[in-house]
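Chain by chain, the residues run as shown.
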Amino acid sequence: MWQILKNRFKQGHRTCRYPEEKPVFPERFRGRPITPGVDMGTSLFNEGAEQVQYSTEYRMAASKREDLILDPNERKLVSALDDKMKRLFGRSLKLREVCAGSCNGCDSEIQALGNVVFDLARFGIEFVASPRHADGLLITGPVTRNMEEALLKTYEAVPEPKIVIAVGACAISGGPFTGSPQTRNGVEGLIPIDLYIPGCPPHPLTILDGLLGLLGRLEKPHETH
Amino acid sequence: MPNRKLTVRNDQSWELDRVPLLEEEIFRKRIIEEVRSGGRIANFFVCPEHNGDARLFALIAHDEQSKLALYSFKVQKDAPFFKSLTPELPQAQAFEREIAEQCQARPDGHPWLKPLRKRMSPGAGFFRAKGEEIHELAVGPVHAGIIEPGHFRFQCHGEKILNLEIQLGYQHRGIETMMQEVLPERRMLLAESIAGDTVIGHALAYCGAMESLSGCHVSPRAEALRAVALELERLANHTGDLGALSGDIGFLPAAAYFGRLRGEFLNLLMELTGNRYGRSFCRPGGVLFDMDATMIDGFRRHLLKAQDQIREVCTLFFTKPSVLSRLENVGIVSSEMVKQWGFVGPTARAAGCARDVRIDHAYGMYRFHQIPISLAESGDVYSRAMIRWLESQRSIDLLLELFERMPKGDLLRPPGPLKDRSMALSIVEGWRGEIIHVAVTGARSQIARYKIKDPSFNNWMAVSLAVCGAQVSDFPLCNKSFNLSYAGHDL
């Protein structure tokens, strides 16, 4: 008992100050690309990809698929849910995560959101075990042929109204598996998507920023830096 | 020549013609002899040929003698079957099911020849226990937590598990076929996406195969940097696993501290590579990023701090009677089981079987920096947790030792074209165990066959065996103590 308390005291408070404080990323972090015309929905954020240059900006989520294509003149924002939906989900959102063929990278980052550093629960967002208890789905992976049916069934089991969030390059466009006959190149066309979170995998804060943007919980959502 | 075996080494390539092509009977006899004399089937796979025949290759590892031997035989198109090895050598079971799925050759006499990755019709093909008060429990593919999909079928008597059958394949993305069809740059990205928690491990295995096929020698500096990334990956996952185990038994202080430590190792990888999982770091010929003196110094300070903290949290975790009573004598995998079923990685080492590619078939930096093997005896959840702690300590020691004297050299030496009609072997000790990549080339640098084996492929059977006789409620804990990859298995 004393040992646990001593440890607790030594560990201290570790939760990050996001969103009050702007997070700092290392110089090499590959965030939002600078190069205009890049489609963040297909980008694997890899080094040396057709001369794409990256910034350390972590905010990348978008509400529409076309908003993921970088426009040099305008920065498209995540639009918050309408008032009715915000009233329902704004302060308490329960999500069911479905991995539909991801490499486990995106899922690991979603899992990391629950650790003491990001502490997702402090925003009223939680992951639930059953789709019937959920307000929406968080989907990763290119949707393999073998998972298509299970994904549809899970979607159908979520009560209306529901939201769908596609996390990672695979779920948005198929990612590195684009063109494989064993996958269907992402969620698009299977079920409607409300929020796109690009990345390979997206940083936990990229996911968090998208979720809070959707719920209209970011005060000054996207001022330019 | 045809009766002799071909002895090969890790990170080596050879002309395809040099692999002995045996008669099926002789092949079978040799494999059984080799395994009975202490070897194990490291890989057993098919290379379909243009004329419809199938050539089957078996790689036998004698780990204690650091030896690898390769044999092959052919299954003709018009007689597409061969005698299954599984009844004599259970460790062949998944390999043979994979072969049956990837080509026409059918292993005759396989006791449980059912799909490995293809879809099964629901309800069909599962072993069923019958009797009063026997009930069946079906879980998945969509599980309760944030994990990958798989289907688990339990046969239970009350709370006691009589049998567990694991049906995977939901994550099948067709990576092996894609590796043969896409451009080299894309192949690298695919290799990094085989299992998202083992980016460095699989990337290194791919790079090793490409480098030996093109005769490219990586500089000592690049080798050292690769070892840094691989050990950071191991540290992140091992501490993460300890956290997940703490969480599963409801010991929340340790769950929180380990969870944070995992994140800190991932952040070090991000500082080095720009990505928390080390993507875009390993490339054939070397690595893309260097470490300067300031970064090395920063990493050293971080690791020294982490070393202290891991010790503190592990002392907290491994000394609590309430923790120990949940971990000890649960989910036992004995050393006999390891030998019989060919398990690898921490699962094997937790049962006292000294199998570690970094020592047995040393590659890269591990040829110069010996890492002591971590062993435990009891093969239960406690041992597998303990292995994670021991290996975390050794990984930090190795990194600190490397940082003392980082060798010099080029970061990247672009490899040339691949040798024609050759085969390359690359084995890496990922954090889950032995990763094997085999590349076979045709003419004009084309990849004719790319075979990937993740350690999970060997070890899923261990989960089934470990929970037999246990309580249903112990299953999550047992499963977590292996933490196998679904994506790595399903490819």
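Residues numbered from 1 in each chain as written. Chains lettered and ligands numbered in written order. Predicted model: local features only at pLDDT ≥ 70, side-chain atom pairs only at ≥ 80, totals over all residues.

Caption draft 1: Inspection of the overall build of chain A at higher detail. From N to C terminus, chain A includes six helices and five strands. Taken from the N to the C terminus, the helices and strands of chain A come in the order α-α-β-α-β-β-α-β-α-β-α. Taking 17 Å as the expected radius of gyration for a compact globule of 225 residues, we find that chain A reaches 18 Å, a close match to that expectation. Oriented by its inertia axes, the alpha-carbon framework of chain A measures out at about 60 × 40 × 35 Å. Restricting the contact set of chain A to residue pairs at least 6 apart, pairs at least 24 apart contribute 78%. (Helix = DSSP H or I, 4+ residues; strand = E, 2+ residues; numbered from the N terminus. Rg over C-alpha atoms; globule rule 2.2 N^0.38 Å. Contact = placed C-beta atoms within 7 Å.)

Caption draft 2: Quick look at helix α14 (residues 455-467) of chain B. Residues and elements named next belong to chain B. For α14, with 13 residues, the first-to-last C-alpha span of 19 Å sits near the 18 Å given by 1.5 Å per residue. In terms of burial, α14 is largely enclosed, as ten of its 13 residues are buried. Turning to α14, its buried residues are P455, S456, F457, N458, N459, M461, A462, V463, A466 and V467. Directly after α14, the chain includes G469, whose backbone phi takes a positive value near 90 degrees. (Expected span 1.5 Å × (residues − 1). Buried ≥ 20, exposed ≤ 12 C-beta atoms within 10 Å, placed from the backbone.)

Caption draft 3: Broad picture of the packing of helix α6 (residues 220-248) of chain B against helix α13 (residues 381-404) of chain B. All names here are of chain B. It is the contact of α6 with α13, at a shortest axis distance of 9 Å, that shows an interaxial angle of 150 degrees. When the axes of α6 and α13 are compared, the pair comes out roughly antiparallel. Like other packed secondary-structure pairs, α6 and α13 cross with a definite hand, here left-handed. Residues A224, A227, V228, E231, R234, L235, H238, T239, D241, L242 and L245 of α6 form the contact with α13, whose own contacting residues are A385, R388, W389, E391, S392, S395, I396, L398, L399 and L402. (Axes fitted to C-alpha atoms, helices over the stretch in contact; angles between N-to-C directions. Parallel < 35°, antiparallel > 145°, perpendicular 65-115°, else oblique. Left-handed = near helix turned anticlockwise from the far one by under 90°.)

Caption draft 4: Structural detail: the interface of chain A and chain B. The partner chain B presents 43 residues to the 46 residues of chain A that form the contact. Among the secondary structure elements, those contributing two or more residues to the side of chain A that touches chain B are α1 (2-11), β1 (93-99), α3 (105-112) and α4 (145-157) of chain A. With six residues, the top contributor of residues to the side of chain A that touches chain B is α3 of chain A. The class makeup of the residues in the side of chain A that touches chain B is 21 nonpolar, 18 polar and seven charged. (Nonpolar A, V, L, I, M, F, W, Y, C, P; charged D, E, K, R; others polar.)

Caption draft 5: Main features of the domain arrangement of chain B. All names here are of chain B. If you check the domain split of chain B, you get domain 1 (6-108) and domain 2 (177-462 + 472-477). Put simply, the middle of domain 1 and the middle of domain 2, counted by C-alpha atoms, are 27 Å apart. If you look at the interface, domain 1 gives 21 residues, while domain 2 gives 25 residues. Elements with a contribution of two residues or more to the side of domain 1 that touches domain 2: β2 (12-15) and β4 (40-48). It is β4 that contributes the most residues to the side of domain 1 that touches domain 2, six residues altogether. For the side of domain 1 that touches domain 2, the residue count by class is eleven nonpolar, six polar and four charged. (Domains from an automatic or database assignment.)

Caption draft 6: Structural detail: the nonpolar core. Grouped together as the largest cluster of nonpolar side chains are 216 residues, with contacts concentrated most on L137, I139, I165, A166 and V167 of chain A together with L269 of chain B. Inspection of this core shows a minimum of three residues originating in each of domain 1 (6-108) and domain 2 (177-462 + 472-477) of chain B. Apart from the residues lying within four places of it in its own chain, the contact partners of L269 of chain B are A229, L232, E233, A236, R276, Y277 and G278 of chain B. (Core = buried A, V, L, I, M, F, W, Y, C linked by C-beta atoms within 7 Å.)

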